[in-house]
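# Observations on the model geometry
Here are the chains, one letter per residue:
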Amino acid sequence: MSHDFHVVVPPKKIIVITAPSGAGKSTIVRKLIKQRIDLAFSISLTTRERREGEMDGKDYYFVTHNEFQQRVQRGDLVEHEEVYPGQHYGTLRSEIERIWSQRKIALFDMDVKGAENIKKAYGNDALVIFIAPPDKETLARRLENRNTESKDSLKKRIKKAEQELSYRDKADKVVVNDDFDIAFMNVKNVITNFLKKAEAHPAH
Ligand code: 5GP
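Residues numbered from 1 in each chain as written. Predicted model: local features only at pLDDT ≥ 70, side-chain atom pairs only at ≥ 80, totals over all residues. Heavy atoms only, no water.

## Structural notes on the sheet that holds strand β4 (residues 60-62)
Within the open sheet, the four strands sit side by side as β4-β3-β6-β5. Their pairing is mixed. The open sheet has two edge strands with one neighbour each: β4 and β5 (77-84). The average angle at which neighbouring strand axes cross in this sheet is 25 degrees, direction not considered. Relative to strand β6 (residues 87-92), β5 runs antiparallel, the two sharing six bridges. Directly across from E79, in β6, lies its bridge partner T91. The sheet contacts of helix α3 (residues 93-101) involve β4, β5 and β6, and relative to β6 the element is tilted by about 40 degrees. (Pairing = 2+ DSSP bridges. Helix = DSSP H or I, 4+ residues; strand = E, 2+ residues; numbered from the N terminus. Axes fitted to C-alpha atoms, helices over the stretch in contact; angles between N-to-C directions. Contact = heavy atoms within 4.5 Å.)

Put into structure tokens, the structure is as follows:
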């Protein structure tokens, strides 16, 4: 008697959520991780200070500038950026391997340059979703409302966020975050469609 086993192997895929800061991407990423067990958050390496409530090894791996440079030199990072002056962030190759070995899809929260580099490295195995604010004024207002920055730093962040808006044309998909619930539903649909296509045409 012969058995016909059909094993569905999850594809080795990457989903990148990117946006100018103030567009609401972290909230979307956090909610996705809670709801979808097929996704796992890729924990980045960073030199920035740990904020209250953050955990090393959960939100980020917090390291010194020296350690960060050593990891760069050893080739441990797939991409890295100085997102803000003196604050470096990078994606660990070992994180992607860890997540794929758990047969999950790697989910990233990163700046637009990092997203561009991941896309270059992984091509069709990566889906880049750009979360866009409804307009520039809303973006500036959201940054102001955070109230965590000095006036000078806020100005810089607003300017940077406006420049980052131009990345939207390079993303695979753009989701406008006007109403959060609608934006979240759209992001989930985009991911589901991408993974359906990946199952139909697995690259690995
Ligand atoms: P925060 O300091 O607010 O946690 O993050 C600052 C910015 O760095 C955010 O835009 C976040 O998406 C980005 N970021 C976090 N991890 C990485 C990473 O591994 N690579 C890159 N390029 N950017 C990252």
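Let's pick the thread back up.
## Focus on the site of the ligand
In the region of the ligand, 16 residues are neighbours, and S44, R48, Y60, Y89 and D109 sit closest. Within the side chain of Y60, a nitrogen or oxygen atom sits 2.5 Å from an oxygen atom of the ligand. In this structure, D111 approaches the ligand through a side-chain N or O atom, which is 2.7 Å from a nitrogen atom. Here the ligand, which alone exposes 510 Å², has 90% of that area covered by the protein. Residue contributions to the shell around the ligand peak at four residues, all from β5. Considered class by class, the residues forming the shell around the ligand number five nonpolar, four polar and seven charged. (Near = heavy atom within 4 Å. Polar contact = N/O pair within 3.5 Å; in protein donor to acceptor, adjacent residues only side chain to side chain. Areas by Shrake-Rupley, 256 points an atom, 1.4 Å probe, with all protein chains shown as cover. Nonpolar A, V, L, I, M, F, W, Y, C, P; charged D, E, K, R; others polar.)

## Some remarks on the pattern of salt bridges
Within this structure, the stated rule accounts for 10 salt bridges. Here E116 and K170 are joined by a salt bridge, their closest N and O atoms 2.9 Å apart. Placement of the pair is E116 in helix α4 (residues 112-122) and K170 in the loop between α6 (151-164) and β9 (173-176), with a sequence separation of 54 residues. Taking the shortest distance from any N to any O, the salt bridge between E164 and K160 comes out at 3.9 Å. Residue E164 and its partner K160 are both found in helix α6; the two are separated by four residues, about one turn of the helix. Among the residues examined, E164 registers a relative accessible area of 9% and is labelled buried. On the basis of relative accessible area, K160 is assigned to the partly exposed category, the value being 23%. Through salt bridges with shared partners, a single ionic network connects R71, R74 and D76. (Salt bridge = Lys/Arg side-chain N within 4 Å of Asp/Glu carboxyl O. Buried < 20%, exposed > 50% of the residue type's maximum accessible area, 1.4 Å probe, protein only.)

## Quick notes on the packing of aromatic side chains
The geometry of an aromatic ring pair comes down to the distance between the two centres and the angle between the two planes. The final tally for this structure, using the stated rule, is five aromatic pairs. Aromatic pair Y60 and F62: ring centres 5.7 Å apart, planes at 65 degrees, arrangement edge-to-face. The interplanar angle of 40 degrees and the centroid separation of 6.1 Å between the aromatic rings of F130 and Y167 together place this pair among those described as tilted. Of this pair, F130 sits in strand β8 (residues 126-132) while Y167 sits in the loop between α6 and β9; the two residues are 37 residues apart in sequence, bridging distant segments of the chain. Taking the relative accessible area as the measure of exposure, F130 reaches 0% and is therefore buried. Cluster of aromatic residues (ring-pair linked, three or more members): Y60, F62 and Y89. Between the NZ or CZ atom of R157 and the centre of the ring of Y84, over which it lies, the distance is 3.8 Å. (Phe/Tyr/Trp six-rings, centres within 6.5 Å; stacked < 30°, edge-to-face > 60°. Lys NZ or Arg CZ within 6 Å of the ring centre and 35° of its normal.)

## A closer look at unusual backbone geometry
For R103, which is not glycine, the phi dihedral falls at a positive 60 degrees. With respect to the element layout, R103 can be found in the loop between α3 and β7 (105-110).

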